[in-house]
Amino acid sequence: MGSALALVGCGESGPAGRFDETTTHPDAPPIAPFDACTVYTAREEVTSFQHTFVCAELDFTTYPPVGGDHYPIWAAYQSYEAPVPWGFLLHSMEHGAVVVAYRCDDASCALSEALQAVLDERPDDPRCAGQATRNRMILVPDPTLDEPIAAVAWGRLYSATCLDAPSLHAFIDGAYGRAREDLCNAGMDGSSSGWCAVP
């Protein structure tokens, strides 16, 4: 999180055009190698959101990205066992999805199961009725994260060095469905064929 942890008051602008930044320290055990539970949230203005070629290189102002240019195909709203290129995830976020990403530093990490349990508590989305999913939540590993947990939605960021379910639920409550397009149409699961082997 580095300099992004500087506490900026509501309405003030922080790094990379961020605002409404907050840092809290919930009473939850930190995830190794961190020695304290720190939760950081921020909002960020998204100024570019063009479609680009599938699997083209994308430039992000922050990581994980909270918006920006993305691919014309979006990732299906589900849980993944392997990383998904952010260009697909960003398009899902543009449709109102919240992406929860995590980093495990060893093979025995149970973080995905613990996060899945939190996401299983999320309510059904009426916009997803008749679809293959009950809501627009995505769970995905990302070995390049700085922190063990990050949740992103269009223009909104959450990162944590601990699994604190109340703050994660609060972030999702405030971010879910608040994007440029409020859609729950089926997306693509390219995990079996390879994300960039798309026609």
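Residues numbered from 1 in each chain as written. Predicted model: local features only at pLDDT ≥ 70, side-chain atom pairs only at ≥ 80, totals over all residues. Heavy atoms only, no water.

A.B. asks: Sorry, what's going on with the overall build of the protein chain here?
C.D. replies: Scanning the protein chain for helices and strands turns up 3 helices and 6 strands. In sequence order, the protein chain lays out its α and β elements as β-β-α-β-α-β-β-β-α. Counting only contacts in the protein chain whose residues sit at least 6 apart along the sequence, the fraction spanning at least 24 positions is 61%. Summed over all atoms, the accessible surface of the protein chain reaches about 9400 Å², with 53% contributed by carbon and sulfur. (Helix = DSSP H or I, 4+ residues; strand = E, 2+ residues; numbered from the N terminus. Contact = heavy atoms within 4.5 Å. Areas by Shrake-Rupley, 256 points an atom, 1.4 Å probe, with all protein chains shown as cover.)

A.B. asks: Looking at this structure, I do not really get the state of the cysteines. What am I missing?
C.D. replies: Put plainly, a disulfide is one covalent bond tying together the sulfur atoms of two cysteines. According to the stated counting rule, one finds 3 disulfides in the structure shown. Two residues share a disulfide in this structure: Cys55 and Cys196, whose sulfurs sit 1.8 Å from each other. Measuring handedness by torsion sign, the sulfur bridge of Cys55 and Cys196 sits at about -95 degrees and is left-handed. Of this pair, Cys55 sits in the loop between strand E2 (39–44) and helix H1 (86–94) while Cys196 sits in the segment after helix H3 (165–175); the two residues are 141 residues apart in sequence, bridging distant segments of the chain. The side chain of Cys128 participates in a disulfide bridge whose partner is Cys184; the two sulfur atoms lie 2.0 Å from each other. Taking the torsion about the sulfur-sulfur bond, which here is approximately 100 degrees, the covalent link between Cys128 and Cys184 counts as right-handed. In this pair, Cys128 sits in the loop between helix H2 (111–120) and strand E4 (137–141) while Cys184 sits in the segment after H3, placing the two residues 56 residues apart along the sequence. (Disulfide = S-S within 2.5 Å.)

A.B. asks: So what exactly am I meant to see when it comes to the layout of surface pockets here?
C.D. replies: Empty space left among the atoms is revealed by rolling a probe the size of a water molecule over them. Of the pockets and cavities examined, the largest pocket occupies roughly 220 Å³. Lining of the largest pocket is provided by 15 residues; of these, Thr47, Ser48, Thr61, Gly67 and Gly68 occupy positions nearest its centre. Class assignment of the residues belonging to the lining of the largest pocket gives a composition of 5 nonpolar, 6 polar and 4 charged. (1 Å grid on protein atoms, 1.4 Å probe; cavity = no way out; pocket = protein on both sides within 12 Å on 5 of 7 lines; lining within 4 Å. Points joined across faces, edges and corners; volume = space filled by probe spheres on them. Nonpolar A, V, L, I, M, F, W, Y, C, P; charged D, E, K, R; others polar.)

A.B. asks: Whenever I open this one, the environment of Asp120 confuses me. Can you help?
C.D. replies: Secondary-structure assignment places Asp120 in helix H2. With 17 residues separating them along the chain, Asp120 and Met137 place their C-alpha atoms 9.6 Å apart.

A.B. asks: How do you make sense of the packing of H2 against H3 when you look at a structure like this?
C.D. replies: Packed helices, taken two at a time, are described by the angle their axes make and the gap between the axes. Running from N to C, H2 and H3 point in directions that differ by 50 degrees, and their axes come no closer than 11 Å. Put simply, H2 runs oblique to H3. Note on packing geometry: the crossing formed by H2 with H3 is right-handed. Along the contact surface, H2 presents Leu115, Val118 and Leu119, while H3 presents Ala165, Leu168, His169 and Ile172. Classifying every residue of the contact of H2 with H3 gives 6 nonpolar, 1 polar and no charged. (Axes fitted to C-alpha atoms, helices over the stretch in contact; angles between N-to-C directions. Parallel < 35°, antiparallel > 145°, perpendicular 65-115°, else oblique. Left-handed = near helix turned anticlockwise from the far one by under 90°.)

A.B. asks: What's the story with the nonpolar core in this structure? I'm lost.
C.D. replies: Where a protein is soluble and globular, its nonpolar side chains tend to be buried together. Ranked by internal contacts, the top residues of the largest apolar core, which has 31 residues, are Ala75, Tyr80, Val84, Leu89, Val99, Ile138 and Val140. Those elements giving two or more residues to this core turn out to be E2, H1, strand E3 (98–102), E4 and strand E5 (149–153). Leave out the neighbours within four places in its chain, and Ala75 touches Tyr80, Val84, Phe88, Leu89, Ser92, Ile138, Gly187, Met188 and Trp195. Counting residues in hydrophobic clusters, the runner-up holds 23 residues, among them Ala28, Leu111, Leu119 and Ala160. (Core = buried A, V, L, I, M, F, W, Y, C linked by side-chain atoms within 4.5 Å. Buried < 20%, exposed > 50% of the residue type's maximum accessible area, 1.4 Å probe, protein only.)

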